[in-house]
Amino acid sequence: MRARESLARRSGTLPRMVSQAVAGACRCGAVRLEIELPTLFCAHCHCTICRRQHGAAFVTWVGVATERFRLRAGQECIVWHASSEHGRRSFCGRCGTALLFETSRHPGRVDVPLALLEGPIDRPPQLHVFFDDRVPWVRVDDALPKLGGVSGLEPLEG
Ligand SMILES: [Zn+2]
Ligand SMILES: [Zn+2]
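Residues numbered from 1 in each chain as written. Chains lettered and ligands numbered in written order. Predicted model: local features only at pLDDT ≥ 70, side-chain atom pairs only at ≥ 80, totals over all residues.

## Some remarks on unusual backbone geometry
With an omega of 10 degrees, the peptide bond running from Leu37 to Pro38 counts as cis. The residue Pro38 is located in the loop between strand 2 (32-37) and strand 3 (41-45) in this model. The phi dihedral of Phe130 is positive, around 50 degrees, even though this residue is not glycine. Topologically, Phe130 is positioned in the loop between strand 10 (127-129) and strand 11 (147-148). (Helix = DSSP H or I, 4+ residues; strand = E, 2+ residues; numbered from the N terminus.)

Structure (C-alpha cells):
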C-alpha cells in the first residue's frame with residue numbers, strides 16, 4: 001500500500017504536500033508544539049530579558065504567524081507572565097523551559113525558540129537584534145547584520 005502511494009505520488013497522480021510542519025517540545029516533553037512553514041524570520045536576540053529568561057548568552061527566535069502555530073500537548077503546563085509593557089512570555093511549569101514570546105506590537109505572530117524545534121526550518125538565522133546589549137564573554141564575529149539601539153532594530157555605528 002505504502003509503495004503504491006509513493007509510486008502514485010512520484011508519477012504525479014497524488015497532490016504534493018502543500019505544507020511542512022516542524023515539531024518541537026520543552027525539555028521534559030510535557031509541552032509539545034508544531035509550526036508550519038514558511039516562517040516569518042529567524043534572529044538572534046541579545047536583549048537582557050531574553051538572556052535572563054533563557055539563562056543564555058543570546059536566544060535564537062523563529063517568528064511564525066499565529067495560524068501556523070499549533071499546541072499539540074501540555075496547554076495546562078504553560079505559565080504566562082508579562083515581561084514588558086507590550087510583551088508576554090511563557091515557560092513550562094513542570095521543567096522550566098522557556099517557551100513562547102508574544103508582543104502586542106506584532107499581533108498575529110508568535111515567536112518560538114529555535115532550540116525547541118526538532119527539525120530544520122526554511123531559513124538560517126538572518127540577523128542579530130539588541131546586539132549592543134550582548135554579553136562580553138561570547139565572541140560573535142559572523143557576517144550577519146547587527147542591529148541595536150532602543151528598539152533593538154536600528155543600525156549600529158562601526
Ligand atoms: Zn516541560
Ligand atoms: Zn530578546
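## So, the pairing of strand 2
A regular strand places its side chains on the two faces of the sheet in alternate fashion. Pairing analysis gives six bridges linking strand 1 (residues 20-25) to strand 2, with the strands arranged antiparallel. Among the inter-strand pairings, Val22 is bridged to a residue of strand 2, identified as Ile35. Hairpin connection of strand 1 to strand 2: six residues between the antiparallel strands, including Gly29 at a positive phi of 90 degrees. Two elements, strand 2 and strand 5 (residues 69-73), share four bridges in a ladder whose sense is antiparallel. Bridging from a neighbouring strand, Leu33 pairs with Leu71 of strand 5. (Pairing = 2+ DSSP bridges.)

## Some thoughts on the sheet that holds strand 1
Taken together, the three strands give an open sheet; going across it, the order is 1-2-5, and neighbouring strands pair in antiparallel fashion. Because the sheet does not close on itself, it has two edges, and the strands there are strand 1 and strand 5. Shown here is a sheet whose adjacent strand axes are inclined to one another by a mean of 25 degrees, direction ignored. (Axes fitted to C-alpha atoms, helices over the stretch in contact; angles between N-to-C directions.)

## A few points about the confidence of the model for the protein
The predicted model of the protein has a mean per-residue pLDDT of 91, with 87% of residues at 70 or higher. Ignoring residues within four places in sequence, the model shows residues 1-9, a span with pLDDT below 50, making four contacts including any to other chains. (pLDDT = per-residue confidence, 0-100. Contact = placed C-beta atoms within 7 Å.)

## Structural notes on the nonpolar core
Counting residues in hydrophobic clusters, the biggest one holds 26 residues, and the most contacted among them are Cys26, Val31, Cys45, Trp61, Leu99 and Val112. Put simply, the parts of the chain that give this core at least two residues each are strand 1, strand 2, strand 3, strand 4 (59-65), strand 7 (87-92), strand 8 (98-103) and strand 9 (109-113). With residues near it in sequence (within four places) discarded, Val31 still touches Ala25, Cys26, Ala73, Gly74, Cys77, Ile78, Cys92 and Leu99. (Core = buried A, V, L, I, M, F, W, Y, C linked by C-beta atoms within 7 Å. Buried ≥ 20, exposed ≤ 12 C-beta atoms within 10 Å, placed from the backbone.)

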